[in-house]
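# Coordinate inspection notes
Next come the chains, spelled out residue by residue.
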Amino acid sequence: MLQKFNYRHNLTVPLKCNTVINGQGCGEVAKMKYGLCNMSYNGCEMIALHNSMVLLGKDSDLKEVCREMYPKSQALWGIFGSNPCLLGSFYKRRGIAFQKTYKYNEFFNNLESTPVAVLSFWNKRKPFHGLHTVTVQLVDGKIRIYNRYNNRDVPYDYESRKELLPKKSDFICGYLIKEDKNNE
């Protein structure tokens with residue numbers, strides 16, 4: 001029921017399809033609903049999936065991503081966003097090969113061999129500030145993060161993994177999109 005209500009509400013929000021989203025608390029995306037909350041509060045996983053599709057050159061509509069994934073990955077009616085460990089089903093249904101990893105070094109060591117990745121990590125002062133999930137690309141030797149901050153509508157570039165995520169223990173999981181069809 002909540003999923004249908006949110007979908008009808010989200011259809012009224014004039015958010016462009018196939019556009020990378022930065023700053024989930026900025027602009028039209030902040031007005032969208034996911035579970036019991038506004039996307040500005042808990043939509044990072046859905047935005048990361050959407051952004052990864054757009055960056056792969058595939059069609060994506062955030063409203064449809066939310067409708068599809070809510071029953072499969074939401075955590076406590078969306079109050080805690082989505083379970084980042086369950087996002088792989090999104091890629092499987094589309095036949096997109098990926099590698100899911102729970103290892104910090106494995107994720108960052110393989111960024112060069114992937115066109116786009118999704119990264120989940122604990123915010124500072126865990127667990128009370130929750131976790132965040134972002135889309136990642138290696139661009140000109142820098143780690144580019146999409147939707148890094150809630151209130152800033154630009155991507156951020158980091159010189160190194162340590163600058164982005166200084167503590168390995170803050171890493172939760174990552175999805176490395178693969179060029180071949182061998183899903184793991």
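The structure this text deals with has already been given above.
These numbers come from a predicted model, not from an experiment. (Residues numbered from 1 in each chain as written. Predicted model: local features only at pLDDT ≥ 70, side-chain atom pairs only at ≥ 80, totals over all residues. Heavy atoms only, no water.)

## A word on the pattern of salt bridges
Overall, the coordinates contain six salt bridges when judged by the stated rule. In this structure, E68 and R93 form a salt bridge, with 2.8 Å as the shortest nitrogen-oxygen distance. In this pair, E68 sits in helix α4 (residues 62–73) while R93 sits in helix α5 (residues 88–93), placing the two residues 25 residues apart along the sequence. Overall, the relative accessible area of 41% leaves R93 in the partly exposed class. (Salt bridge = Lys/Arg side-chain N within 4 Å of Asp/Glu carboxyl O. Helix = DSSP H or I, 4+ residues; strand = E, 2+ residues; numbered from the N terminus. Buried < 20%, exposed > 50% of the residue type's maximum accessible area, 1.4 Å probe, protein only.)

## Focus: helix α3 (residues 44–55)
Taking 1.5 Å as the rise per residue, α3 with 12 residues should run 16 Å; its terminal C-alpha atoms sit 16 Å apart, in good agreement. Inspection of α3 places C44, E45, M46, I47, A48, L49, H50, N51, S52, M53 and V54 among the buried residues, and these make up the whole buried set. G57, located one to two residues past α3, shows a positive phi value of around 80°. (Expected span 1.5 Å × (residues − 1).)

## Description of the pairing of strand β6 (residues 142–146)
For strand β5 (residues 131–139) and β6, the ladder comprises five bridges, and the chain directions are antiparallel. Its bridge partner lying in β6, Q137 is registered against R144. Once β5 ends, the chain turns through two residues before running back antiparallel as β6, passing D140 with a positive phi of about 50°. The pairing of β6 with strand β7 (residues 156–158) spans three bridges and is antiparallel. Note on β7: the bridge partner recorded for I145 is Y156. (Pairing = 2+ DSSP bridges.)

## Thoughts on the pairing of strand β8 (residues 171–177)
Among the seven residues of β8, seven are classified as buried, and the element is accordingly described as predominantly covered. Sheet analysis places strand β3 (residues 98–101) next to β8, joined by four bridges and oriented antiparallel. Pairing of K100 across the sheet is with Y175, part of β8. The sheet contact formed by strand β4 (residues 117–122) and β8 spans five bridges and is antiparallel. Across the sheet, the residue bridging to V118 is Y175, located in β8.

## As for unusual backbone geometry
Although it is not a glycine, D140 adopts a positive phi angle of roughly 50°. Among the secondary structure elements, D140 is positioned in the loop between β5 and β6. Under the relative-accessibility criterion, D140 is labelled exposed at 78%. A positive phi angle, close to 65°, is found at N147, a residue other than glycine. On the secondary structure map, N147 appears in the loop between β6 and β7. For N147, a relative accessible area of 1% translates into the label buried.

## Considering the sheet that holds β8
Judged by pairing direction, the sheet is antiparallel, and its six strands sit side by side in the order β3-β8-β4-β5-β6-β7 without closing on themselves. Looking at the sheet topology across the chains shown, the edges are occupied by β3 and β7. Neighbour-to-neighbour, the strand axes of this sheet turn through a mean angle of 25°, independent of strand direction. Running at roughly 20° to β5, α3 makes contact with β4, β5 and β6 of the sheet. (Axes fitted to C-alpha atoms, helices over the stretch in contact; angles between N-to-C directions. Contact = heavy atoms within 4.5 Å.)

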